[in-house]
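Below, each chain spelled out in residue letters.
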Amino acid sequence: MSYAIIGFGRIGQSLARAFARKGIEVSVATTRDPESFASDAAAIGLKVIPKTLAEAVQADIIFLAVRFDSHREVAKALPTWEGKTIIDVTNAYGVAPETLGGQPSAHVVARAFTGSRLVKGFNHLVADVLDQDPAAHGGRRVVFLASDDDEAASEVGALAENLGYAPIKLGRLSEGGLLVHARGNSWGQLIFKDLVKFN
């Protein structure tokens, strides 16, 4: 299984550090030339590999860690996303519900990434928290996952476990998933909640 993070701002770099902590290789890319962020990637770890967008999207599981309004530009990188699992880390705060057709923003993202299996996840934690080791207070930091594809949610849940997190499935995007979606100028009730699960 191969992994990539598209977007290398604060959230993208925090996700890269999560991979580096566990020694798991991950590609990182933006729409820029990889040379422009190669030193930042190297500072995180040897297994954080800067690539072009065209190269990075060949991965099996892809974190979409860009601004919501940039997702369509990323989606143009492939004619079809069949066989890919997209983890939607975006937040559509400030985007009017009417612009989204009254749907959760992840439905809009899923339509752009034609053929993909989409999981909403890792988006409820701010960068400063996501940057920390998920082993906290004798437990593991929680990440919420929502998807209309149970198999994809399980696949991403297994990855979250490997990264040291405690995944909690919220169900479908338009059900429990609404708890981790921004709607207009309001945040889902679980966004910004930093929870720890104890075994």
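These remarks concern the structure in this document. From a predicted model like this one, the values you see are computed outputs, not experimental measurements. (Residues numbered from 1 in each chain as written. Predicted model: local features only at pLDDT ≥ 70, side-chain atom pairs only at ≥ 80, totals over all residues. Heavy atoms only, no water.)

**Description of the layout of surface pockets**
Then step 1. Put simply, the largest pocket is a space of about 270 Å³.
Then step 2. Surrounding the largest pocket, 17 residues form its lining, Ile11, Val66, Val89, Thr90 and Asn91 being those nearest its centre.
Then step 3. Of the residues contributing to the lining of the largest pocket, the split by class is 12 nonpolar, 4 polar and 1 charged.
Then step 4. In terms of lining, the second largest pocket is formed by 16 residues, of which the most central are Gly7, Phe8, Ala65, Val66 and Arg67.
Then step 5. Looking at the lining of the second largest pocket, the element that brings in the most residues is helix α1 (residues 10-21), giving 3 residues.
Then step 6. Residues of the lining of the second largest pocket, tallied by class, amount to 6 nonpolar, 6 polar and 4 charged. (1 Å grid on protein atoms, 1.4 Å probe; cavity = no way out; pocket = protein on both sides within 12 Å on 5 of 7 lines; lining within 4 Å. Points joined across faces, edges and corners; volume = space filled by probe spheres on them. Nonpolar A, V, L, I, M, F, W, Y, C, P; charged D, E, K, R; others polar. Helix = DSSP H or I, 4+ residues; strand = E, 2+ residues; numbered from the N terminus.)

**Let's talk about the nonpolar core**
Then step 1. Core analysis: the largest hydrophobic core is formed by 33 residues, its most contacted members being Ile6, Ile62, Trp81 and Phe113.
Then step 2. Breaking this core down by element, the ones donating at least two residues are β1 (3-6), α3 (53-56), β4 (61-64), α4 (71-75), α5 (105-112) and β8 (139-147).
Then step 3. Of all hydrophobic cores here, the second largest spans 31 residues; its members include Leu15, Ala18, Ala41 and Ile61. (Core = buried A, V, L, I, M, F, W, Y, C linked by side-chain atoms within 4.5 Å. Buried < 20%, exposed > 50% of the residue type's maximum accessible area, 1.4 Å probe, protein only.)

**Details of the side chain of Asn123**
Then step 1. In this structure, Asn123 sits in the loop between β6 (117-121) and α6 (127-130).
Then step 2. There is a polar contact of 2.9 Å between the side chain of Asn123 and the side chain of Asn91. (Polar contact = N/O pair within 3.5 Å; in protein donor to acceptor, adjacent residues only side chain to side chain.)

**Regarding the pattern of salt bridges**
Then step 1. Counted under the stated rule, the structure contains 10 salt bridges.
Then step 2. For Arg117, the salt bridge goes to Glu155, with nearest N and O atoms at 2.8 Å. Here Glu155 lies in helix α7 (residues 150-162) and Arg117 lies in strand β6, a separation of 38 residues in the sequence.
Then step 3. Here Asp148 and Arg172 are joined by a salt bridge, their closest N and O atoms 3.8 Å apart. Here Asp148, found in the loop between β8 and α7, pairs with Arg172, found in the loop between β9 (166-169) and β10 (196-197); they are 24 residues apart in sequence, far enough to count as distant.
Then step 4. Accessibility expressed as a relative area gives 32% for Asp148, which makes it partly exposed.
Then step 5. The class of Arg172 is partly exposed, set by a relative accessible area of 39%. (Salt bridge = Lys/Arg side-chain N within 4 Å of Asp/Glu carboxyl O.)

**Here's the deal with α5**
Then step 1. The set of residues buried in α5 consists of Ser105, Ala106, His107, Val108 and Val109.
Then step 2. Packed against the buried residues of α5 are β4, α4, β5 (85-88) and β6. (Contact = heavy atoms within 4.5 Å.)

**Some thoughts on the packing of aromatic side chains**
Then step 1. According to the stated counting rule, one finds 8 aromatic pairs in the structure shown.
Then step 2. Geometrically, the ring pair formed by Phe63 and Phe122 is edge-to-face, given 5.3 Å between the ring centres and 75 degrees between the ring planes. Placement of Phe63 in strand β4 and of Phe122 in the loop between β6 and α6 is noted, with a sequence separation of 59 residues between them.
Then step 3. Classification of Phe63 as buried rests on a relative accessible area of 0%.
Then step 4. Connected via pairs of aromatic rings, a cluster forms that spans Tyr3, Phe19, Phe63, Phe122 and Tyr165. (Phe/Tyr/Trp six-rings, centres within 6.5 Å; stacked < 30°, edge-to-face > 60°.)

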